[in-house]
Amino acid sequence: MAKLIDDVLDFARARMGGDLGIKLKAETNLRAVLFQTVEEMRIAHQEVKWVEDYDFDDPVTCDPARIAQLVSNLLGNAATHGVPGGTIHIQARDVGSTLKISVANRGGTIPAQIRARLFEPFSRTRDDDAPDGLGLGLYIAKQIATGHGGDIDVMSRNGETTFTVTLPRGRERLSLVSGLTVVGELKASA
């Protein structure tokens, strides 16, 4: 219930032209944030096999609570819509000047017409009336990625779906994102 209320509040903030209150923290141990988020999912979805593959440099400048929320939304969707008892892969890698975090699972291919609107509010991965949330999780995940100066996309084919979040790593790129509050060694941009 608390997650649903938080999602509705985040949706309202984003739709009213505000931001989600992203507060970048310099020197974030993102690996620990990812481990903790996956561990919470392990407890909630014990039937799923979780595979983690991390190859990036810590620390990272990000909002650790919001990145945990984004990743939790992706992992939760993968557990809900994936093959029952299947495997979910989470990977985080440095790729040039970006950090890429991906979540992949098997569970059917998402049709193109649904993929086109997945990141819109109240959107669902299926065109049925299955009660699997409000359809705000991916919208909020997109807002969090955008708020970090990044993006999120989805690829779904041959029964496998992968969501990939791309975040800037360089300080110069982060400083171009307006409206961010930075805690730590970076200065807030105006």
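Residues numbered from 1 in each chain as written. Predicted model: local features only at pLDDT ≥ 70, side-chain atom pairs only at ≥ 80, totals over all residues. Heavy atoms only, no water.

Participant: How would you summarise the nonpolar core if you had to cite specific residues and measurements?
Facilitator: Within the largest apolar cluster, 42 residues are counted, with the highest numbers of intra-cluster contacts made by Leu-30, Leu-75, Ile-90 and Ile-101. At 7 residues, helix α3 (residues 64–81) tops the list of elements feeding residues into this core. Once residues within four sequence positions are removed from consideration, Leu-30 is found in contact with Phe-56, Asp-58, Val-60, Cys-62, Ile-67, Leu-99 and Ile-101. (Core = buried A, V, L, I, M, F, W, Y, C linked by side-chain atoms within 4.5 Å. Buried < 20%, exposed > 50% of the residue type's maximum accessible area, 1.4 Å probe, protein only. Helix = DSSP H or I, 4+ residues; strand = E, 2+ residues; numbered from the N terminus. Contact = heavy atoms within 4.5 Å.)

Participant: Please provide a residue-by-residue account of the packing of aromatic side chains, values included.
Facilitator: What the rule picks out here adds up to 3 aromatic pairs. Ring centres of Phe-35 and Tyr-54 lie 5.3 Å apart, and the angle between their planes is 70°; this geometry places the pair in the edge-to-face category. With Phe-35 in helix α2 (residues 30–44) and Tyr-54 in strand β2 (residues 49–55), this pair connects stretches of sequence that are 19 residues apart. Judged by relative accessible area, which is 13%, Tyr-54 ranks as buried. Taken together, the ring pairs in this structure connect Phe-35, Tyr-54 and Phe-56 into an aromatic cluster. Lying over the aromatic face of Phe-56, Arg-31 brings its terminal NZ or CZ to 4.5 Å of the ring centre. The ring centre of Phe-119 lies 5.6 Å from the NZ or CZ of Lys-142, which sits over that ring. (Phe/Tyr/Trp six-rings, centres within 6.5 Å; stacked < 30°, edge-to-face > 60°. Lys NZ or Arg CZ within 6 Å of the ring centre and 35° of its normal.)

Structural measurements only, silent on function.
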